[in-house]
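Below, each chain spelled out in residue letters.
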Amino acid sequence: MMSAALSRRAEELARRGETFVSATVVRAQRPTSAEAGNAAIVLADGTIEGFVGGGCAEHSVRVYALKAIESGEPLLLRILPFGEGEPDPAHPEVAREPGAVTVENPCLSGGAIEVFLEPVVPAPRVFVEGDLPISHALVRMGAELGLDMLAVAGGVFAPRPGDLALVVAGHGRDELPALRLGLEAGLPYVGLVASRKRGHGVLGELRGDGVAQALLDRIDTPAGLDIGSRTAPEIALSILARIVEVRRREATAPVQPIKAVDPVCGMEVVVTADTPSAVHDGETFYFCREGCRTAFEQQHAVAD
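In this report, the structure presented in the accompanying data block is examined. For every chain, the first residue of its written sequence is number 1, and the numbers climb from 1 along that sequence. The predicted nature of this model means local features are confined to residues of pLDDT at least 70 and side-chain atom pairs, given and counted, to a pLDDT of 80 or more, with totals for whole chains, interfaces and linings taken over all residues. For the side-chain quantities, the full set of heavy atoms in the structure was used; hydrogens and water were omitted.

Some points on the overall build of the protein
Part 1: Broken down by element type, the protein carries eight helices and 16 strands.
Part 2: Taken over C-alpha atoms, the radius of gyration comes to 25 Å for the protein, far larger than the 19 Å a tight globule of 304 residues would show.
Part 3: On the principal axes, the C-alpha backbone points of the protein span a range of 75 × 45 × 35 Å.
Part 4: Here the contacts in the protein between residues at least 6 apart in sequence split such that 60% fall between residues at least 24 apart.
Part 5: Positive and negative charge centroids in the protein, built from 28 and 41 side chains respectively, lie 8 Å apart. Here a strand is any run of E in DSSP of at least two residues, a helix any run of H or I of at least four, and the numbering for each starts at the N terminus. Just to be clear, the radius of gyration here is over C-alpha atoms, and the globule rule we use is 2.2 Å times residues to the power 0.38. Two residues form a contact once any of their heavy atoms are found within 4.5 Å. When charges are tallied, Lys and Arg are placed among the positive residues and Asp and Glu among the negative ones, while His and the ends of the chain are skipped. Working definition for charges: the position is that of NZ of Lys, CZ of Arg, CG of Asp or CD of Glu.

Structural data, given as structure tokens:
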């Protein structure tokens with residue numbers, strides 16, 4: 001189970017809206033160094049805080065924790081030492097079933113480990129400027145779609161990385177500062193609830209205030225898909241459909257940590273600041289552990 005310090009760290013990450021994976025050892029066989037109940041947090045860059053086994057097991061946990069973040073689904077990871085025969089280190093998976101995967105680890109000395117990986121992916125935030133029936137419908141209906149809907153007022157809010165959208169539905173109140181802030185923050189979706197005529201007028205005001213045309217082209221106005229909506233809930237539905245479209249499009253190209261293959265044991269590793277490495281003939285190689293790096297350096301010292 002998580003220590004008090006690790007639990008506080010997880011709470012801090014969740015409060016800041018950061019993505020991470022909670023990793024818990026649920027089964028361990030000797031002579032592994034891990035024990036059932038050991039826990040760690042895996043950050044989105046592959047950094048591990050806590051303990052779920054030695055360096056060899058950590059690399060498998062790191063690789064599949066990042067895959068759990070990509071899918072958003074929990075995963076039971078079974079890590080086995082190499083069995084009999086000639087397994088292929090480049091393809092460590094030996095079994096996959098819904099919710100679980102079994103891998104063979106080329107440098108695990110012995111003893112199987114099972115680790116439950118649970119991604120904590122915060123709901124993307126959507127800001128709604130305005131205090132009208134459409135904005136109320138957006139906040140109410142968006143929550144049902146798993147979005148973190150935040151009503152804001154006065155055209156002032158605090159965007160952060162990972163935020164998804166801004167919808168300005170104030171019908172003339174605080175539209176310009178809110179739109180500028182959303183555009184400058186680089187929110188994937190910025191929508192303005194307005195008729196086409198009034199929308200063109202708002203764009204003209206922003207242009208006159210010096211907002212670049214490239215930014216103005218990002219404003220969706222009239223906001224939402226054209227489904228012939230008339231009532232406030234129908235308009236909110238059309239806007240949320242557009243936001244869902246943008247959300248899924250953004251999710252198809254997540255930022256991927258750098259990965260490499262250990263040239264000694266063939267294990268896939270996620271490159272972090274503490275990943276062992278060596279340079280040979282101008283090329284950088286990465287290793288799952290210091291033992292593999294030492295073997296590599298000795299091999300090339302003899303060859304040279």
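Re the packing of aromatic side chains
Part 1: Two rings from Phe, Tyr or Trp (for Trp, the six-membered ring) form a pair when their centres are within 6.5 Å of each other. A pair whose planes differ by under 30 degrees is stacked, one over 60 is edge-to-face, and the rest are tilted. Taken as a whole and judged by the stated rule, the model has three aromatic pairs.
Part 2: Here Phe285 and Phe296 contribute two aromatic rings whose centre-to-centre distance is 5.0 Å and whose plane-to-plane angle is 45°, an arrangement assigned as tilted. With Phe285 in strand 16 (residues 283-286) and Phe296 in helix 8 (residues 290-303), this residue pair connects regions lying eleven residues apart in the sequence. The same class applies to Phe285 as to Phe296, namely buried.
Part 3: Taken together, the ring pairs connect Phe285, Phe287 and Phe296 into an aromatic cluster. Using a 1.4 Å probe on the protein chains alone, a residue whose accessible area is under 20% of its type maximum counts as buried, one over 50% counts as exposed, and one in between counts as partly exposed.

Description of the sheet that holds strand 9 (residues 148-152)
Part 1: Being paired, for any two strands, means DSSP has found at least two bridges between them. Reading across from one edge, 9-8-10-11-12 is the order of the five strands in this open sheet, with parallel pairing throughout. Each edge of the sheet is formed by a strand with only one pairing partner; in this case those strands are strand 9 and strand 12 (219-220).
Part 2: Alignment of strand 8 (residues 125-129) against strand 10 (residues 165-168), held across four bridges, turns out to be parallel. If you follow Phe127 over to strand 10, its bridge partner there is Leu166.
Part 3: Sheet strands in contact with helix 3 (residues 133-144) are strand 8, strand 9 and strand 10, and its direction is about 160° off that of strand 9. With axes taken as lines fitted to C-alpha atoms, and helix axes fitted only over the stretch in contact, angles between N-to-C directions fall between 0 and 180 degrees.

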